[in-house]
Amino acid sequence: FSGSSFDFLTPFSVLTGVALLFGYGLLGAGWLILKTEGPVQAAARRQGRVCLIGVCTAIAVVSLWSPFLNPAIAARWLGRSMLPDAFAAVVAVEG
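What you see is a predicted model, and the numbers here were worked out from it, not measured in a lab.

A. Just helix H2 (residues 39-69), in detail. Taking 1.5 Å of rise per residue, the 31 residues of H2 would be expected to cover 45 Å, and the 44 Å separating its terminal C-alpha atoms lies within 8% of that figure. Considering only its buried residues, H2 is in contact with helix H1 (11-35) and helix H3 (71-78).

B. Layout of the state of the cysteines. Inspection of the entire model under this criterion finds 0 disulfides. Considering cysteine sulfurs only, cysteine 51 is the nearest to cysteine 56, which forms no disulfide, with 11 Å between them. Given a relative accessible area of 44%, cysteine 56 falls into the partly exposed group.

C. Region of the structure containing the packing of H2 against H3. H3 packs onto H2 with a crossing angle of 120° between their chain directions and a minimal axis gap of 5 Å. It follows that H2 is oblique to H3 by the angle criterion. Here Ser63, Ser66, Pro67 and Leu69 of H2 come into contact with H3, specifically with Pro71, Ile73, Ala74, Trp77 and Leu78. Residues of the contact of H2 with H3, tallied by class, amount to 7 nonpolar, 2 polar and no charged.

D. Representation of a nonpolar patch on the surface within the structure. A cluster of nonpolar residues, Phe6, Phe8, Leu9, Val14 and Val18, forms a patch on the protein surface that exposes about 500 Å² of accessible area. Tracing the backbone shows valine 18 in helix H1. Judged by relative accessible area, valine 18 falls into the partly exposed class, the value being 37%.

E. Examining the packing of H1 against H2 more closely. The interhelical angle for the contact between H1 and H2, taken along N-to-C directions, is 150°, at an axis separation of 8 Å. When the axes of H1 and H2 are compared, the pair comes out roughly antiparallel. When the axes of H1 and H2 are compared, the crossing they make is left-handed.

Rules and cut-offs
Residues numbered from 1 in each chain as written. Predicted model: local features only at pLDDT ≥ 70, side-chain atom pairs only at ≥ 80, totals over all residues. Heavy atoms only, no water. Helix = DSSP H or I, 4+ residues; strand = E, 2+ residues; numbered from the N terminus. Expected span 1.5 Å × (residues − 1). Contact = heavy atoms within 4.5 Å. Disulfide = S-S within 2.5 Å. Buried < 20%, exposed > 50% of the residue type's maximum accessible area, 1.4 Å probe, protein only. Axes fitted to C-alpha atoms, helices over the stretch in contact; angles between N-to-C directions. Parallel < 35°, antiparallel > 145°, perpendicular 65-115°, else oblique. Nonpolar A, V, L, I, M, F, W, Y, C, P; charged D, E, K, R; others polar. Patch = residues over 30% accessible without salt bridge, like charges linked within 9 Å, V, L, I, M, F, W, Y side chains within 5 Å. Areas by Shrake-Rupley, 256 points an atom, 1.4 Å probe, with all protein chains shown as cover. Salt bridge = Lys/Arg side-chain N within 4 Å of Asp/Glu carboxyl O. Left-handed = near helix turned anticlockwise from the far one by under 90°.

Structure follows, in structure tokens:
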């Protein structure tokens, strides 16, 4: 091993960690929404919305950032053959 103790703290790894926190927050908020009522449920709904925005933002940033980190990912994701599949996935999710 060469490097310092903090070489694991790259911008991508920090973003991934923050996204994980939002994801677990969203999971917890969803559980509280199902299991509680009243003011606790209302607070869980508010926090769930915040976490959902965080998760969606992180997914978008990581999806846009990943092709720039590795040329193999860029070739696979941005190649001609993947565009119809990506379009079909978006239609399936939205539709």
